[in-house]
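Structural overview
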Amino acid sequence: MLNDKDKRFLKSKCNQLKATITIGKDGLSHNVVKNIMLDLEAHELVKIDILKTADINLDSLPIDLAAQTGAHIIQQIGRSIVLYKDSKKHIYLK
């Protein structure tokens, strides 16, 4: 579980990130979840963009992603979501 100090630190790192995952008209497919999990293991902090063509409920999407990947929701601003999951590399938090 992340404490408030850790979340603030990770939010400060979110501004520098570019989206590595884009969710489009196909929605939240198995391949998208798999790619998110691979990115989380490699980078720990992942920014996801949701295109306007995606037929997805933006309110429940971060919760679904966090549940399927085991990650923490760091922030959601509009159509961008940032997730964090600790990996073996311990890039951000130890």
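In case you missed it, the structure is sitting above this.
Residues numbered from 1 in each chain as written. Predicted model: local features only at pLDDT ≥ 70, side-chain atom pairs only at ≥ 80, totals over all residues. Heavy atoms only, no water.

So, on to the packing of helix α2 (residues 30-43) against helix α3 (residues 61-69). Direction vectors running N to C along α2 and α3 enclose 70°, while the axes themselves pass 10 Å from each other. Relative to α3, the element α2 is oriented roughly perpendicular. Between α2 and α3 lies a crossing of right-handed hand. Of α3, the residues touching α2 (which contributes Val33, Ile36, Met37 and Leu40) are Leu65, Gln68 and Thr69. Here the residues of the contact of α2 with α3 are counted per class, giving 5 nonpolar, 2 polar and no charged. (Axes fitted to C-alpha atoms, helices over the stretch in contact; angles between N-to-C directions. Helix = DSSP H or I, 4+ residues; strand = E, 2+ residues; numbered from the N terminus. Parallel < 35°, antiparallel > 145°, perpendicular 65-115°, else oblique. Left-handed = near helix turned anticlockwise from the far one by under 90°. Contact = heavy atoms within 4.5 Å. Nonpolar A, V, L, I, M, F, W, Y, C, P; charged D, E, K, R; others polar.)

The buried fraction of strand β4 (residues 80-84) amounts to 4 of the 5 residues, a majority that puts the element mostly inside the structure. Two strands pair when backbone bridges link them, and strand β2 (residues 45-50) and β4 are joined in this way by 5 bridges, in the antiparallel orientation. From the neighbouring strand, aspartate 49 faces β4, where its bridge partner is serine 80. Here 5 bridges tie strand β3 (residues 72-77) to β4, and the two strands are oriented antiparallel to one another. Paired with isoleucine 77 across the bridge in β4 is serine 80. (Buried < 20%, exposed > 50% of the residue type's maximum accessible area, 1.4 Å probe, protein only. Pairing = 2+ DSSP bridges.)

Counting buried positions over the 6 residues of β2 gives 5, a clear majority of the element. As paired elements, strand β1 (residues 21-23) and β2 share 3 bridges and run parallel to each other. By the bridge assignment for β2, threonine 22 is matched with aspartate 49. As a crossover connection, the stretch from β1 through α2 into β2 is right-handed. (Right-handed = clockwise from strand over helix to strand, strands pointing away.)

In this section: α3. Regarding α3, the residues found buried are Leu61, Pro62, Leu65, Ala66 and Thr69. For α3, the buried positions fall inside an angular range of 130° around the axis, keeping them on one side. When the buried face of α3 is taken as reference, the exposed residues oriented beyond 90 degrees from it are Ile63 and Ala67. Where the residues of α3 are buried, they touch β1, α2, β2, β3 and β4. In the stretch just after α3, glycine 70 is the one whose phi turns positive, near 75°. (Arc of directions from axis to C-beta.)

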